[in-house]
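Observations on the model geometry
This is what each chain is made of:
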Amino acid sequence: MDTALTSSDAAYVKRLCHAAGAFAAGIACAQPLPSSVADIYDSWLALKRHGTMFYAGHHRQVRNDPRLLLDGARSIIVCLFAYPHSIAQTPGAPLIAAYAAGRDYHKVLRKRLKHVAALIDDTYHVSSRVCVDTAPLRERFWAARAGLGVIGLNNQLIVPGIGSNFFIASVITSADFPADTPLSPQAAQGMVSCLRCGRCVKACPAGAINPDGSCDTQKCLSYITIEADDDIVNTLPRHQSPLKNHIYGCDVCRLACPMSHPEAQPAVLPDFSPRPQILSLTLKDWLGMTHADYDSLTAGSAMRRASLLHLKALLHFL
Ligand code: SF4
Ligand code: SF4
């Protein structure tokens, strides 16, 4: 489709996104990344800060130009779906990140946005593609470009007045919707533009956030608990409790941010409500957990990304 669409079309497509459960939706023009944004990522890779997440280095050309994800791509519609700001686990239990305590967002959001994409395709006779953390797309940058938030020193997208407790999912489409305005010139360029108060740097239990906003992913507890292989885990110093009681992910830098407001939260889809059986887990439960228990506990959940063997190996380092 070659015709540029109007603000009424943009409003219509955002209504579709809200009806699919997004609490916010914005539109960015599909175009190459600014070279400064691409260069920072390349430097991060060159320093091997991605650890064993080798996939992070693949598909460089596509990552730098989202138009390569879809023939004729003109717009990126970015949607934010809330998960709980925090979860109430059994006191003292090994900590689980709030996003992982409900259903697997990949499956839930793909299904919801496929419906949106199909409606866009039917209405405008275009083609669209859904991306939910599964394509080499710089989601946080495009969300900032689409006017949804700013990039924090903690490397998260922050929606002022809400925080960072949301999943980002996108529809790339050949429909040419008018783009939204970024919240600041820095946000437009994917640069850090939070309060720069440094609380996330101080709060990080692993010293993974550098004062310039770069992240030593290999030190980050999210990486170690979910992504790192057991060779890396086994180099951790056992006597120092390096995981600070985290067994799956880490919410510390997100919760430390003063731009995050627990009292002003958007509605959470029932799919992302924490499972009671996850909230009630204790250390004793983890120690005695069988593969059958784990399969039943994590069926359809994002926690399946880690094996029980890996999580049990972490118990020595809590
Ligand atoms: S997720 Fe946790 S360990 Fe990783 S940077 Fe944030 S506070 Fe640090
Ligand atoms: S805690 Fe402060 S420095 Fe860190 S992301 Fe939030 S506002 Fe920025």
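Residues numbered from 1 in each chain as written. Chains lettered and ligands numbered in written order. Predicted model: local features only at pLDDT ≥ 70, side-chain atom pairs only at ≥ 80, totals over all residues. Heavy atoms only, no water.

Glancing now at the nonpolar core. In a soluble, globular protein the nonpolar side chains are often hidden away together inside. In this structure, I120 and W286 are the most contacted members of the largest nonpolar core, which totals 63 residues. Broken down by element, the residue count for this core peaks at eight residues, all from helix α4 (residues 105-124). The residues touching W286, leaving out its near neighbours within four places in the chain, are P94, I96, I247, L281, Y294, M303, L308, L311, K312 and L315. Core analysis: the next-biggest nonpolar cluster, separate from the first, contains 43 residues, L33, A38, L69 and A144 among them. (Core = buried A, V, L, I, M, F, W, Y, C linked by side-chain atoms within 4.5 Å. Buried < 20%, exposed > 50% of the residue type's maximum accessible area, 1.4 Å probe, protein only. Helix = DSSP H or I, 4+ residues; strand = E, 2+ residues; numbered from the N terminus. Contact = heavy atoms within 4.5 Å.)

The next thing to look at is the sheet that holds strand β7 (residues 166-173). Strands sit in the order β1-β2-β7-β4 across an open sheet of four strands; the sheet is antiparallel. Single-partner strands in this sheet number two, and they are β1 (24-29) and β4 (128-131). Taken over all neighbouring pairs, the strand axes of this sheet differ in orientation by 20° on average, direction set aside. Where strand β2 (residues 75-82) meets β7, eight bridges bridge the pair, whose relative direction is antiparallel. Bridge pairing links I76 to I172 in β7. Contacts from α4 reach β2, β4 and β7, with the element oriented near 30° to β7. (Pairing = 2+ DSSP bridges. Axes fitted to C-alpha atoms, helices over the stretch in contact; angles between N-to-C directions.)

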